[in-house]
Amino acid sequence: MSKQLWCIRHGTAVHNVMAKDIGDKAYTDYTDTPLVEKGQNEATELGKTWTELKNIEIVYVSPLTRTLQTATNIFKNSGKKFVAIDELMEYPQGVHFCNKRKNKSELMKLFPHVDFSLIQEKSQYWNDTVFESVDDLKQRIQLFKDYVKETKQNNISVVAHSSFLKQFLYDELGDVHQGLRHCYPYDYKL
């Protein structure tokens, strides 16, 4: 049986806003960027208007603050299970500190409603000085797909990031400065 995935890019975050003013420094000068008020509102609005939300059986989410905040606001009071998975983190891992996640123990305190059992204390994909390759990203995507294929749920939400999702959905990154829409559910069959 095929799996129905609804892939959602996080709401507008600090680095998305700051990039307009300071360029690439927005990606290197801020670590694990949170949502700005606009991003919080985008996620809350999707949670109120998205008709497929009621059919979602489980939410897989990148363990970066902006995606955890987005998923929390979309699925607020829905009773859905949230599972954090490192493979969903933004590309590239490395050098762009806005994509470096907090330690698991800190995330568990900030988001106690999320299941962090599938991640380690520190990300296995992060490197302070070297960008991850596209082949490394493709390997992360394949690991995630393999994991999902083995799960019992068939209606799944994936809350992740623009570059990750473009490669996942369309098998190409394209222009990394042309992001997917924030808080919009892209449908994908696996």
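Predicted, not measured: the structure shown is a model, and the values here were computed from it.

(A) Summary view of the overall build of the chain. Looking only at helices and strands, the chain features seven helices and six strands. Listing the helices and strands of the chain from first to last along the sequence gives β-α-α-α-β-α-β-α-β-α-β-α-β. In terms of C-alpha radius of gyration, the chain reaches 15 Å, essentially the compact-globule figure of 16 Å for 190 residues. Expressed as lengths along the three principal axes of its C-alpha atoms, the size of the chain is roughly 40 × 35 × 35 Å. Looking at the chain as a whole, 52% of its 190 residues are labelled buried. Taking as baseline every contact in the chain between residues at least 6 positions apart, the subset at least 24 positions apart corresponds to 76%.

(B) Highlighting the packing of helix H6 (residues 134–149) against helix H7 (residues 162–170). Taken N-terminus to C-terminus, the directions of H6 and H7 make an angle of 70 degrees; their axes are 10 Å apart at the nearest point. One element, H6, and the other, H7, form an angle in the roughly perpendicular class. Judged by the sense of rotation from one axis to the other, the crossing of H6 with H7 is right-handed. Contact residues: H6 offers Val134, Leu137, Lys138, Arg140, Ile141, Phe144 and Lys145, while H7 offers Phe164, Gln167 and Phe168. When the residues that make up the contact of H6 with H7 are grouped by side-chain class, the tally is six nonpolar, one polar and three charged.

(C) Geometry of the sheet that holds strand E3 (residues 81–84). Within the open sheet, the six strands sit side by side as E4-E3-E2-E5-E1-E6. Their pairing is mixed. Taken across any chain shown, the strands that pair with only one partner, and hence form the sheet edges, are strand E4 (114–115) and strand E6 (185–189). In terms of strand pairing, strand E2 (residues 58–61) meets E3 through four bridges, oriented parallel. Along E3, the bridge assignment pairs Tyr60 with Val83.

(D) Broad picture of the packing of aromatic side chains. Counted by the stated rule, this structure contains 10 aromatic pairs. When the centroid spacing of 5.9 Å and the interplanar angle of 75 degrees are considered together, the rings of Trp6 and Trp50 count as edge-to-face. With Trp6 in strand E1 (residues 4–9) and Trp50 in the loop between helix H3 (37–49) and E2, the pair connects residues that are 44 residues apart, well separated along the chain. Per residue, the accessibility class of Trp6 equals that of Trp50, and both read buried. Between the aromatic rings of Trp50 and Phe75, the centroid separation amounts to 6.2 Å while the plane-to-plane angle is 75 degrees, which identifies the pairing as edge-to-face. Separated by 25 residues along the polypeptide, Trp50 in the loop between H3 and E2 and Phe75 in the loop between helix H4 (65–74) and E3 bring together distant segments of the chain. A residue is classified by how much of its surface remains accessible, and Phe75, at 2% relative accessible area, is buried. In this structure an aromatic cluster arises from ring pairing among Tyr60, Phe144, Tyr147, Phe164, Phe168 and Tyr188. Over the ring of Tyr125 we find Arg140; its NZ or CZ atom is 5.6 Å from the centre of that ring. Positioned above the aromatic ring of Phe168 is the side chain of Lys145, whose terminal nitrogen or guanidinium carbon lies 5.3 Å from the ring centre.

Criteria and cut-off values
Residues numbered from 1 in each chain as written. Predicted model: local features only at pLDDT ≥ 70, side-chain atom pairs only at ≥ 80, totals over all residues. Heavy atoms only, no water. Helix = DSSP H or I, 4+ residues; strand = E, 2+ residues; numbered from the N terminus. Rg over C-alpha atoms; globule rule 2.2 N^0.38 Å. Buried < 20%, exposed > 50% of the residue type's maximum accessible area, 1.4 Å probe, protein only. Contact = heavy atoms within 4.5 Å. Axes fitted to C-alpha atoms, helices over the stretch in contact; angles between N-to-C directions. Parallel < 35°, antiparallel > 145°, perpendicular 65-115°, else oblique. Left-handed = near helix turned anticlockwise from the far one by under 90°. Nonpolar A, V, L, I, M, F, W, Y, C, P; charged D, E, K, R; others polar. Pairing = 2+ DSSP bridges. Phe/Tyr/Trp six-rings, centres within 6.5 Å; stacked < 30°, edge-to-face > 60°. Lys NZ or Arg CZ within 6 Å of the ring centre and 35° of its normal.

Nothing here speaks to function; it is geometry throughout.
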